[in-house]
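# Structure at a glance
The primary structure of each chain is shown beneath.
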Amino acid sequence: MTVFRRTAMALLSPAEVKFAEVIAEQMLMKNGVRVSASERRSWERSLPVVAQDLVDAGLGHVEMLVEYQLPLTSKRADVVLAGVDRRTGGDAYLVVELKQWSHAELWEEDPRRVLVQNMGGKPKLHPALQAQGYCDYILDFATVLADHPDAVHAAAYLHNAQRGDVLDLYDAVKNDRTRLFTMSTRGAFVEYLRDRFAPAPGARAADRLLSSKVRPSKQLLKVAAEEIKNREQFVLLAEQRLAYEIVLNRVDKARREDVKTVVVIKGGPGSGKSVIALSLLGELWRQGLGVLHATGSKSFTQTMRRHVAKGSPKTKTLFKYFNNFVDAEKNRLDVLICDEAHRIREVSANRFTPARLRTGRPQVEELIDAARVPVFLLDEHQVVRPGEIGTVREIRDRAASKGLSVVEVSLDEQFRCGGSLQYEEWVLRLLGLDGGSPEPWQDDDHFDVALADSPHELESLLRGRMGGGDSARMTAGFCWPWSAARDGRLVPDVVIGDWARPWNVKGDRAVGDAPPSELWATQDGGFEQVGCVYTAQGFEYDWNGVVLGPDIVYRDGRLVTDRTKSRDPALRPRTVSDEDADRLIRNTYKVLLTRGMKGTVLYSVDRPTQDFLAALIG
């Protein structure tokens, strides 16, 4: 884990005067984060303030972990103080969120957000709640703290503000483990530090936190039942929390003022869209509101029904498909949560739809009409089938035609792929999805990328990771036939030289030890089959193996697609143009390459492509 460590006393020494600039430069070089001049000045002013407060408290040897990256995310806490608990003698930590605001007030529409003077734009998340979220998240993932819930506290420090200029921000601070301090309450902050930490070196506490094993992310499906039925199981961070609060605010507004609003939450793979969706579903259901969860994915919906609603027919009814709202009464629901909304289709009608319902009405219009607050969560780069039209523009245009306002939230932090924004961007450039060119992979502390020399090695590497207790799956482009099971056995259709494995089960019934298709990513036995995009999309596992088929190959300096090598029946030339086929194949590999949380192993069946990847990955 990359983190910048200094004791408070060391930071104030003459040799450390330019420490903030060093941080900015190292962030720029190591993480690809562009640091503005104003951000650099912010560090130059903020860090010495905290360091001086520690020294004044007699705590000059407390460790300051600057820009501490939260496990499995790219989100960073400004400073985590590490030391010895004054009362117990154990490890003690304090997450400090630093703000240079001089004037701020609670937003009257939502007390969990604030309006900051001279900072135009949208309301900001309350800094104390932001720090509290980081605190809770660290407790969730650092195994060294598993039995020490009181070891981590949180504080927001508005060191440029007078207490009277941010007075109503105190109203939202109701947690004993979270505090708010300002310039005019600096003395109270110093006393708080003295009460929290003993005047002893914090190096060992810092070492233990930084070297702690990271508990795997709470798997969405394993805790979803508890999430829906009882209480929130997920910690929502920053933009995730903001998106969640915005939806709740719009629901309140719809009830108070009879105002209908469309909410669009967009984000890349693993940015937390489904976590937000389940958190909202649980909270709104507990409030007794009319709410449903819908997707366009059979695998995802069936998995939700099996895991979340196991033993509860009532809970099972919360999970629907997008085409279930063809004749829904307008605004009958309070909220409709449309997860995986990039899978919205042009129309809901199919060959089984009664003639009276074949109106040609757009599916997105049906979903908008169904609820007072329709919520769409999507990633436009995950459109992998012809006829899928789930884009922000499509939703905005349809809402505008109805005179409805749209609130758009971008989840610009990445929570899958080990929190590696670098890997996410590398994949986009590799596939030519962001207008850039492929670049060599630069080592990242938070995510591993490897190239296997053969499918045998790919499988062996992943199986080794499973032996260590992690989860793993193999996937491939849709470039081999997909046979139905014969005599109770799956057919090994994916053949590469002397290596052969079957695709995942086609239907919703297990075949031998192979789980049904919707449970391939989550149930034991799934590793022995190769997953396709339609079963992998929407799921995650620790280690991800991807076989690049002959439908995407390296030629003339870049990856090009060859639709003639695809076996996907959805890409028929008569119904899908070459341009659309190219986009769908690239999006397919975008989905496959971003399923892993800890690492990805690649292999290409094409020799020039394998050589190209070897030059990039090393």
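First, a word on scope: everything that follows refers to the structure included in this document. (Residues numbered from 1 in each chain as written. Predicted model: local features only at pLDDT ≥ 70, side-chain atom pairs only at ≥ 80, totals over all residues. Heavy atoms only, no water.)

## Examining the overall build of the protein chain
In terms of regular secondary structure, the protein chain is built from 18 helices and 24 strands. A total of 618 residues make up the protein chain; the buried ones form 56% of that total. For the protein chain, contacts bridging at least 24 residues in sequence account for 72% of all contacts bridging at least 6. Taken as a whole, the protein chain presents about 26000 Å² of accessible surface, with 47% of it coming from carbon and sulfur. (Helix = DSSP H or I, 4+ residues; strand = E, 2+ residues; numbered from the N terminus. Buried < 20%, exposed > 50% of the residue type's maximum accessible area, 1.4 Å probe, protein only. Contact = heavy atoms within 4.5 Å. Areas by Shrake-Rupley, 256 points an atom, 1.4 Å probe, with all protein chains shown as cover.)

## What to know about the nonpolar core
By size, the foremost hydrophobic cluster in this structure holds 116 residues, and its most contacted members are V262, I265, L336, F376, W426, W503 and Y589. If you tally residues by element for this core, the top one is helix α8 (residues 238-257), at eight residues. Once residues within four sequence positions are removed from consideration, W426 is found in contact with E439, P440, W441, V449, L616 and I617. (Core = buried A, V, L, I, M, F, W, Y, C linked by side-chain atoms within 4.5 Å.)

## Things to note about empty space enclosed by the protein
For the structure shown, the criterion picks out four cavities of 30 Å³ or more. Considering only enclosed or pocket space, the largest cavity measures out at about 80 Å³ in volume. Lining the largest cavity we find V384, F478, D551, S566, D568, L571, L584, I585 and T588. Taken together, the residues that form the lining of the largest cavity break down as five nonpolar, two polar and two charged. (1 Å grid on protein atoms, 1.4 Å probe; cavity = no way out; pocket = protein on both sides within 12 Å on 5 of 7 lines; lining within 4 Å. Points joined across faces, edges and corners; volume = space filled by probe spheres on them. Nonpolar A, V, L, I, M, F, W, Y, C, P; charged D, E, K, R; others polar.)

## What to know about the sheet that holds strand β6 (residues 110-116)
The strand order across the open sheet built from three strands is β5-β6-β7, with neighbouring strands paired in antiparallel fashion. Across the chains shown, the open sheet's two edge strands, defined by having one partner strand only, are β5 (104-107) and β7 (124-125). Here β6 pairs with β7 via two bridges, running antiparallel. Bridge pairing links V114 to K124 in β7. Helix-sheet contacts for α8 involve β5, β6 and β7, and the interaxial angle to β6 is about 115 degrees. (Pairing = 2+ DSSP bridges. Axes fitted to C-alpha atoms, helices over the stretch in contact; angles between N-to-C directions.)

## Things to note about the packing of aromatic side chains
Considering all chains together, one arrives at 13 aromatic pairs under this definition. Ring geometry for Y423 versus W441: centroids 5.9 Å apart, planes at 85 degrees, classification edge-to-face. A residue pair is termed long-range when its members are at least 10 positions apart, and Y423 in helix α14 (residues 421-430) and W441 in the loop between α14 and β16 (448-451) qualify at 18 residues. Judged by its relative accessible area of 0%, Y423 falls in the buried class. Overall, the relative accessible area of 7% leaves W441 in the buried class. A cation over a ring is seen here: R163 above Y170, with NZ or CZ 4.3 Å from the ring centre. The positively charged end of R465 is found above the aromatic ring belonging to W543, 4.0 Å away from the centroid. (Phe/Tyr/Trp six-rings, centres within 6.5 Å; stacked < 30°, edge-to-face > 60°. Lys NZ or Arg CZ within 6 Å of the ring centre and 35° of its normal.)

## A word on the side chain of E97
On the secondary structure map, E97 appears in strand β4 (residues 91-99). Setting aside anything within four residues of it in sequence, one finds E97 in contact with D78, P127, Q130, A131, Y134, A155, A156 and Y157.

## Focus on unusual backbone geometry
A positive phi is found at N331, a non-glycine position, where the angle reads about 55 degrees. Among the structural elements, N331 can be located in the loop between β12 (319-321) and β13 (333-338). A positive phi angle, close to 55 degrees, is found at E340, a residue other than glycine. Position of E340 relative to the elements: it lies in the loop between β13 and α12 (363-369).

## Description of the side chain of K253
Structurally, K253 can be placed in helix α8. Taking the relative accessible area as the measure of exposure, K253 reaches 17% and is therefore buried. Dropping the residues within four chain positions of it, K253 is found in contact with E109, D258 and V259.

## Details of the pattern of salt bridges
A full pass over the atoms with the stated rule returns 44 salt bridges. Close ionic contact of R286 with E283 constitutes a salt bridge, the shortest N to O distance being 3.3 Å. Separated by three residues within a single helix, R286 and E283 lie in helix α9 (residues 273-286), roughly one turn from each other. Judged by its relative accessible area of 19%, E283 falls in the buried class. Here R393 ties to D397 by a salt bridge, and the two come within 3.8 Å at their closest N and O atoms. Residue R393 and its partner D397 are located together in helix α13 (residues 392-401), separated by four residues, close to a single helical turn. Among the residues examined, R393 registers a relative accessible area of 66% and is labelled exposed. D397 gets classed as partly exposed once you look at its relative accessible area, which sits at 46%. Each of R361, E365, D369, E394, R398 and K402 takes part in salt bridges that share partners, so that together they form one network. (Salt bridge = Lys/Arg side-chain N within 4 Å of Asp/Glu carboxyl O.)

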